[in-house]
Amino acid sequence: MAKPKRRYVCQACGSVATRWQGQCADCGEWNSLAEDAPATVFSAKHDLSSGGRPIEFAPLDAPGEVLKRRSTGLAEFDRALGGGLVPGSAVLMGGDPGIGKSTLLLQASAHMAKSGAETVYISGEEAAGQVRLRADRLGLGGAPVRLAAATSVRDILTTLAMMDPPALLVIDSIQTMHSDQIEGAPGTVSQVRACAFELIRYAKDSGAALVLVGHVTKDGSIAGPRVLEHMVDVVMSFEGERSHQYRILRSIKNRFGPVDEIGVFAMEGQGLAEVGNPSLLFLSGREQPVAGSAVFPAIEGTRPVLVEIQALIVRLASGATPRRAVVGWDSGRLAMLLAVLEARCGLNFSSAEVYLNVAGGYRLADPAADLAVAAALVSALADKPLGRDAVWFGEVSLAGEVRPVAHSGVRLREAAKLGFTSAFGPGEASEKRDGSRFAAIAMLPNLVDRIMGAS
Ligand code: TYD
Ligand code: MG
């Protein structure tokens, strides 16, 4: 049999290399490669004459397996999960430090405990006293949550085996857990994987819903193991700018539901408050019309959210390389849009610095934002404010066409409901639709003419 090869796993992205290198070839992180247990080389073929047992096939509609979900007590959390926690499932919750993961999970545990469900909250980062203090501050001190500060997976599983399985088991965080079955410090890929594997197996066997908190690296992926994302049923990310109040809970992967619903929270003195109707949150207080600001009716899952996009253009006198900075949108998409505006509309951004910001710490993922971003850019370049009562949406192609997008009706209705009386988007004719004046913009040059021509 071949000698098992050494292998090295990047602690940041989980990619595997056969030789040690100072820098990971995949994610570019320095000093992140560590030796991992060798992958066993299978060269033998199965001997089918003995040992194997036949497996049973079942029909897809096997009875008795109705998906039961349990509410977390927080409607926005349930919504992002696709309707609540599924017993026996494993959820990975990622997010920047200080964004509010522990607060959210403590609140959910307390609500569930108050409604009579057994909940266990294991903190590997904070002492039990610290968690208790926080619970007191949140007014949840009386909830019968079983709280412990522990990091040994063996101790945790031994304790859990002696009691009835809880409805919810929170592990905060998986990077602090340690398994004595395997070598290495907590937080290394092999440790995280081994701990997660054991905890997930416990959840599957016992029917407890498991939530693992995972730290996030600089580039936003869940630290250590990419492999963790494959092991769990649901991957969620808790997002927001720490300096802003609003937080968005998004599911990135969900084996039991859709991934496009979001939960919206506001971080307040009393912990996270649910925001049931987020459509107006991401508009800045707009008193005076300002050049470079455009409102975009975004769709998150099934809910419309109106978002303000702000652009600033600074002309450079010298030949210095101009900066492009984006907060809340894809910088590659901005580069593309600038190129289309230059090539198809004859505008010149090459000697100017371009800054783009999405108000309220919101992160836009909806491709229909193109037209609103283009409107903000053109408005900033021409120094002409857009109408305060207008919304813009549509996807822009490389040829400069404005392409139709999904849910135009919902976007228009929400905008009209919130007092926006005119809308610009892809379509054939200009007409009055769903309570607001709708003007079709077929090509990007039409948009430029409309904004530049307006006085
Ligand atoms: P935390 O849940 O500890 O974040 P994470 O577990 O994701 O690292 O959240 C900590 C932040 O939340 C902290 O910076 C203070 C803020 N916060 C409030 O504003 N109000 C509150 O009631 C609580 C508990 C926290
Ligand atoms: Mg925490």
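Keep in mind that what you see is a predicted model, and the values were worked out from it rather than measured.

Student: Let's hear about the site of ligand 1: which residues, and what values?
Tutor: Neighbouring residues of ligand 1: 16 residues in total, closest Gly98, Lys101, Ser102, Thr103 and Glu268. Between an oxygen atom of ligand 1 and a side-chain N or O atom of Ser102, the distance comes to 2.6 Å. Between ligand 1 and the protein, one listed contact pairs a nitrogen atom with a backbone N or O atom of Glu268 at 2.8 Å. In isolation ligand 1 exposes 560 Å². Once the protein is present, 72% of that is buried. Mapped by element, the contributors of at least two residues to the shell around ligand 1 are helix H2 (101-114), helix H3 (128-137) and strand E11 (262-268). In terms of residue count, the dominant contributor to the shell around ligand 1 is H2 (three residues).

Student: An account of the nonpolar core is needed here, citing residue identities and associated values.
Tutor: Counting 65 residues, the largest nonpolar core has Leu364, Leu377, Trp392 and Leu447 as the members making the most contacts within it. Here this core takes nine residues from helix H8 (residues 370-382), the largest share from any one element. Both domains that meet at this core, namely domain 2 (75-276) and domain 3 (281-452), each give it at least three residues. Among all residues touching Leu364, those that are not within four sequence positions of it are Phe296, Ala298, Val307, Ile309, Gly328, Trp329, Val358 and Ala369. Grouped together as the second largest cluster of nonpolar side chains are 33 residues, Met93, Ala135, Phe238 and Leu249 included.

Student: Describe the packing of helix H7 (residues 331-345) against H8, listing the residues and the values that go with them.
Tutor: Between H7 and H8, whose axes approach to 11 Å, the crossing angle comes to 60 degrees. The orientation of H7 with respect to H8, classified from their angle, is oblique. Handedness of the crossing formed by H7 with H8: right-handed. Counted together, Arg333, Leu334, Leu337, Leu338 and Leu341 of H7 and Asp370, Val373, Ala374, Leu377 and Val378 of H8 form the full contact between these two elements. Of the residues assigned to the contact of H7 with H8, the class counts are eight nonpolar, no polar and two charged.

Student: Residue-level account of the sheet that holds strand E4 (residues 90-95), with values.
Tutor: If you trace the nine strands from one edge of the open sheet to the other, you get E6-E5-E7-E8-E4-E9-E10-E11-E12, paired in mixed fashion. The outermost strands of the open sheet, each flanked by one partner alone, are strand E6 (146-149) and strand E12 (271-274). Recorded for the sheet is a direction-independent mean angle of 25 degrees between the axes of neighbouring strands. As defined by bridge partners, strand E7 (residues 168-172) adjoins strand E8 (residues 209-214) across four bridges and the pair is classed as parallel. By the bridge assignment, Leu169 is partnered in E8 with Leu210. Each of strand E5 (119-123) and E6 touches H3; the most contacted strand, E6, lies at about 140 degrees to it.

Student: Which residues make up the packing of H2 against H3, and what are the values?
Tutor: The N-to-C vectors of H2 and H3 enclose an angle of 70 degrees; their axes lie 11 Å apart at closest approach. Accordingly, the angle class assigned to the pair H2 and H3 is roughly perpendicular. In contact with Ser102, Thr103 and Leu106 of H2, H3 contributes Val131, Arg134 and Ala135. Grouping the amino acids of the contact of H2 with H3 by side-chain chemistry returns three nonpolar, two polar and one charged.

Student: Break down unusual backbone geometry for me, citing the residues and quoting the values.
Tutor: Of the consecutive residues Asp172 and Ser173, the connecting peptide bond is found in the cis state with omega at 5 degrees. Locating Ser173 in the fold gives a position in the loop between E7 and helix H5 (189-206). Of note in the backbone geometry, Asp383 takes a positive phi value of approximately 55 degrees without being a glycine. The backbone of His407 sits at a positive phi, close to 60 degrees, despite the residue not being glycine.

Student: Go over the packing of aromatic side chains with me, naming the residues and quoting the values.
Tutor: Across all of its chains, the model carries three aromatic pairs by this definition. Relative to Phe424, the ring of Trp392 lies with its centre 4.2 Å away and its plane at 15 degrees, an arrangement referred to as stacked. Taken as a pair, Trp392 in strand E17 (residues 390-392) and Phe424 in strand E20 (residues 422-425) lie far apart in primary sequence, 32 residues in all. Residue Trp392 shares its accessibility class with Phe424, and that shared class is buried. On the basis of an interplanar angle of 40 degrees and a centroid distance of 6.4 Å, the ring pair of Phe393 and Phe438 is categorised as tilted. Residue Phe393 is found in the loop between E17 and strand E18 (395-396), and its partner Phe438 is found in strand E22 (residues 436-440); the two are separated by 45 residues along the sequence.

About the criteria used
- Residues numbered from 1 in each chain as written.
- Chains lettered and ligands numbered in written order.
- Predicted model: local features only at pLDDT ≥ 70, side-chain atom pairs only at ≥ 80, totals over all residues.
- Heavy atoms only, no water.
- Near = heavy atom within 4 Å.
- Polar contact = N/O pair within 3.5 Å; in protein donor to acceptor, adjacent residues only side chain to side chain.
- Areas by Shrake-Rupley, 256 points an atom, 1.4 Å probe, with all protein chains shown as cover.
- Helix = DSSP H or I, 4+ residues; strand = E, 2+ residues; numbered from the N terminus.
- Core = buried A, V, L, I, M, F, W, Y, C linked by side-chain atoms within 4.5 Å.
- Buried < 20%, exposed > 50% of the residue type's maximum accessible area, 1.4 Å probe, protein only.
- Domains from an automatic or database assignment.
- Contact = heavy atoms within 4.5 Å.
- Axes fitted to C-alpha atoms, helices over the stretch in contact; angles between N-to-C directions.
- Parallel < 35°, antiparallel > 145°, perpendicular 65-115°, else oblique.
- Left-handed = near helix turned anticlockwise from the far one by under 90°.
- Nonpolar A, V, L, I, M, F, W, Y, C, P; charged D, E, K, R; others polar.
- Pairing = 2+ DSSP bridges.
- Phe/Tyr/Trp six-rings, centres within 6.5 Å; stacked < 30°, edge-to-face > 60°.

By themselves, these figures tell us nothing about what the structure is for.
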